[in-house]
Structures are given as C-alpha cells and as structure tokens.
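Read off the chains here:
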Amino acid sequence: MSTINKIKKGVVVGIEYSLTIDGEVIDETQGEILEYLHGYANIISGLEKELQDLKVGDSKKVSIPPAEAYGEYDEEQLVEIPRSEFPEEVPFVPGLDIEMTSVEGEILIGTIQEVLKNTVLVNFNHPLAGETLNFDVTVVTIREATQEELKHGHVHQGQDHHH
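All of these numbers come straight from a predicted model, not from anything done at the bench.

Q: Run through the pattern of salt bridges, naming residues and quoting values.
A: Per the stated rule, a full pass over the model turns up 6 salt bridges. Ionic pairing is found between glutamate 35 and arginine 143, a salt bridge with its closest N-O pair at 3.7 Å. Of this pair, glutamate 35 sits in strand β3 (residues 34–37) while arginine 143 sits in strand β9 (residues 133–144), and the two are 108 residues apart along the sequence. Residue glutamate 35 is classed as partly exposed on the basis of its relative accessible area of 23%. Residues arginine 143 and glutamate 149 are paired through a salt bridge, measuring 2.9 Å at the closest nitrogen-oxygen approach. Owing to a relative accessible area of 29%, arginine 143 belongs among the partly exposed residues under this scheme. The exposure class assigned to glutamate 149 is buried, which follows from its relative accessible area of 2%. Residues joined by salt bridges that share partners form a network here, namely Glu35, Arg143 and Glu149.

Laid out in structure tokens, this is it:
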C-alpha cells in the first residue's frame, strides 16, 4: 500500500468540521470524524472542491455559496397540495417534514409550511437552500479506499458491511 499524503479522487478522507450560517453553528462533528470518499459526491460539491489536495493536519475556513451547496431557494418549490392527497394519519403541523412520491416515482422530502383550509403548503426546498455555508474544517485522516468502497461509491464503516 502506498502512502497517500494528499486528498485526491478515490481516497477516504476523515474530517472534523463546524458549519455556521450567519455566525450560528448549524452542525459540527463534536470530536467525531466524518469519513467520506473524495470525488464521489458524498459531500456538497463546493466543500469537496475546497478540500482537494489538502494534507492531514491542514485546516481551512471556506464559504460555500448556495450554488455549490444545496442550491438557491426556489419559490416554485413551495407547493399547495389538497389535504385529500395526504394519508389520514398525517398530522398537519407547520415545520413537520413529510416524504412524498412525485409523479415520476421520485421520493421528495418536504416541510409543511402552512396549513390552509383545504390545502397544505409544502416547501420542497432543502432546509439550507439559499444559504451560504461557512465551514471550518480540519483534515484528520487520509487513506486508500478499498476496492469495494470504490465500486459502491461511498465509505464502509467497519468490516461487516454486507451480512
């Protein structure tokens, strides 16, 4: 096994990070390490691009614009859906995340925005759409990916992945 000393496509990278939006911490690893397979779109594209060629121990503060994160906020993703289209057991509570299937059979996650008389306003934007994401990230580990990880396009935690 050759030693890999910098981040490139096909290596498994372990990072620690904190994510802030407008100065507020939204997410952080808190002493855990997030491992991902570099170059396989396992993390947002803007962050992946910024990590390219870094080495273990490198830290970087980066701002990722919406276009390279979760996209711009799209008003057309606010959809009014008749109450009759929901299963009876769905509680109509603003802020509730619901899973729906599109006409094409694609699974969509939406958040109930507003409950109206006969319809429900559902927001299908990603909760972080339109936001600039500020990462403070440190590279903790870099290793070669296994053949199986490369084939599957993501990291396998532990050894007994398929049993």
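Q: Break down the sheet that holds strand β8 (residues 119–123) for me, with residues and values.
A: Taken in spatial order, the 4 strands make up an open sheet running β5-β8-β7-β6, and their pairing is antiparallel. Two strands bound the open sheet, and with one partner strand each, they are β5 (78–82) and β6 (97–101). Across the sheet, the axes of successive neighbouring strands diverge by a mean angle of 45°, strand direction being ignored. Two strands pair when backbone bridges link them, and strand β7 (residues 107–115) and β8 are joined in this way by 4 bridges, in the antiparallel orientation. What sits directly across from isoleucine 112, in β8, is valine 122.

Q: Help me get a handle on the nonpolar core, residues and values and all.
A: Ranked by size, the top nonpolar core spans 23 residues in total, and within it Ile7, Leu47, Leu51, Leu133 and Phe135 carry the most contacts. Looking at this core, the elements with two or more residues in it are β1 (11–21), α1 (45–51), β4 (59–64) and β9. At 6 residues, β1 tops the list of elements feeding residues into this core. Residues in contact with leucine 47, not counting those within four places in the same chain, are Val62, Ile64, Phe135 and Val137. In terms of nonpolar packing, the next biggest core, distinct from the first, is built from 9 residues, Phe86, Met100, Val120 and Phe124 among them.

Q: Provide a residue-level description of the layout of surface pockets, including the pertinent values.
A: The space that makes up the largest pocket amounts to roughly 200 Å³. Considering the residues around the largest pocket, the lining is formed by 14 residues, among which Tyr17, Asp27, Ile44, Tyr70 and Phe135 are closest to the centre. No other element matches β1, which puts 3 residues into the lining of the largest pocket. Among the residues forming the lining of the largest pocket, the class breakdown is 12 nonpolar, 1 polar and 1 charged.

Q: Which residues make up unusual backbone geometry, and what values go with them?
A: In this structure, alanine 41 takes a positive phi of about 55° despite not being glycine. By secondary structure assignment, the location of alanine 41 is in the loop between β3 and α1. A positive phi angle, close to 75°, is found at aspartate 53, a residue other than glycine. Within the secondary structure, aspartate 53 is located in the loop between α1 and β4. Note on aspartate 53: relative accessible area 39%, which makes it partly exposed.

Criteria and cut-off values
- Residues numbered from 1 in each chain as written.
- Predicted model: local features only at pLDDT ≥ 70, side-chain atom pairs only at ≥ 80, totals over all residues.
- Heavy atoms only, no water.
- Salt bridge = Lys/Arg side-chain N within 4 Å of Asp/Glu carboxyl O.
- Helix = DSSP H or I, 4+ residues; strand = E, 2+ residues; numbered from the N terminus.
- Buried < 20%, exposed > 50% of the residue type's maximum accessible area, 1.4 Å probe, protein only.
- Pairing = 2+ DSSP bridges.
- Axes fitted to C-alpha atoms, helices over the stretch in contact; angles between N-to-C directions.
- Core = buried A, V, L, I, M, F, W, Y, C linked by side-chain atoms within 4.5 Å.
- Contact = heavy atoms within 4.5 Å.
- 1 Å grid on protein atoms, 1.4 Å probe; cavity = no way out; pocket = protein on both sides within 12 Å on 5 of 7 lines; lining within 4 Å.
- Points joined across faces, edges and corners; volume = space filled by probe spheres on them.
- Nonpolar A, V, L, I, M, F, W, Y, C, P; charged D, E, K, R; others polar.

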